[in-house]
Amino acid sequence: MGEEAFVTKLEDLAKVSPGELSDSTEITPEAWDSVDVLDLIAAIDEGFGTTVPTQDLSRCKTVGELRQLIRTSIGA
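Computed from a predicted model, the values in this text were never measured in an experiment.

1. Notes on the packing of aromatic side chains
With the rule as written, the count across this model stands at one aromatic pair. Measuring from ring centre to ring centre gives 5.2 Å for F6 and F48, while their planes differ by 85 degrees; the resulting arrangement is edge-to-face. One end of the pair, F6, is in helix 1 (residues 3–14); the other, F48, is in helix 2 (residues 34–48), and 42 residues separate them in sequence. Residue classification places F48 among the partly exposed residues on the basis of a relative accessible area of 23%.

Right, dumping it as structure tokens:
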């Protein structure tokens with residue numbers, strides 16, 4: 001599983017068609033099933049080599065905010 005799996009999981013959670021995901025796509029982590037959140041955290045870990053805390057993930061409102069959280073977590 002790599003970045004592609006992360007994008008696929010996020011497309012599913014954001015309920016957008018493949019290829020339609022952008023940094024401005026809104027996400028609602030607080031409304032997701034706990035298993036979905038854990039799956040996304042696992043996809044981030046495997047795709048980027050970092051673990052994002054659930055509480056930080058839940059504050060993200062857009063894909064861009066989530067990507068920034070990941071960049072911050074990996075020190076990029």
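2. Quick notes on the pattern of salt bridges
Per the counting criterion, the structure on display carries five salt bridges. Residue D56 pairs with R59 through a salt bridge whose shortest N-O separation is 2.3 Å. Its relative accessible area of 54% is what places R59 among the exposed residues. Salt bridges here are not isolated pairs; linked through shared partners, they connect K9, D36 and D39.

3. So, helix 1
Across its 12 residues, helix 1 extends 16 Å between first and last C-alpha, which sits within 8% of the 16 Å expected from 1.5 Å per residue. Taken residue by residue, helix 1 has F6, K9, L10, E11, L13 and A14 as its buried positions. Here the buried face of helix 1 lies against helix 2 and helix 4 (63–74). Positive backbone phi, at 60 degrees, marks K15, one or two positions downstream of helix 1.

4. What about the packing of helix 1 against helix 2?
Between helix 1 and helix 2, the shortest axis-to-axis distance is 8 Å and the interhelical angle comes to 155 degrees. Considering their axes alone, helix 1 and helix 2 lie roughly antiparallel with respect to each other. The handedness of the crossing between helix 1 and helix 2 comes out as left-handed. Taking contact as the criterion, the partners of E3, F6, K9, L10 and L13 in helix 1 are, on helix 2, D36, D39, L40, A43, I44, G47 and F48. In the contact of helix 1 with helix 2, the residues fall into seven nonpolar, one polar and four charged.

5. Structural notes on the packing of helix 1 against helix 4
Put simply, helix 1 and helix 4 touch, their axes get as near as 13 Å, and they point 145 degrees apart. When you trace helix 1 past helix 4, the crossing you get is right-handed. Residue-level contacts link E3, F6, V7 and L10 of helix 1 to V63, L66, R67 and I70 of helix 4. Residues belonging to the contact of helix 1 with helix 4 are distributed by class as follows: six nonpolar, no polar and two charged.

Reading guide: rules and limits
- Residues numbered from 1 in each chain as written.
- Predicted model: local features only at pLDDT ≥ 70, side-chain atom pairs only at ≥ 80, totals over all residues.
- Heavy atoms only, no water.
- Phe/Tyr/Trp six-rings, centres within 6.5 Å; stacked < 30°, edge-to-face > 60°.
- Helix = DSSP H or I, 4+ residues; strand = E, 2+ residues; numbered from the N terminus.
- Buried < 20%, exposed > 50% of the residue type's maximum accessible area, 1.4 Å probe, protein only.
- Salt bridge = Lys/Arg side-chain N within 4 Å of Asp/Glu carboxyl O.
- Expected span 1.5 Å × (residues − 1).
- Contact = heavy atoms within 4.5 Å.
- Axes fitted to C-alpha atoms, helices over the stretch in contact; angles between N-to-C directions.
- Parallel < 35°, antiparallel > 145°, perpendicular 65-115°, else oblique.
- Left-handed = near helix turned anticlockwise from the far one by under 90°.
- Nonpolar A, V, L, I, M, F, W, Y, C, P; charged D, E, K, R; others polar.

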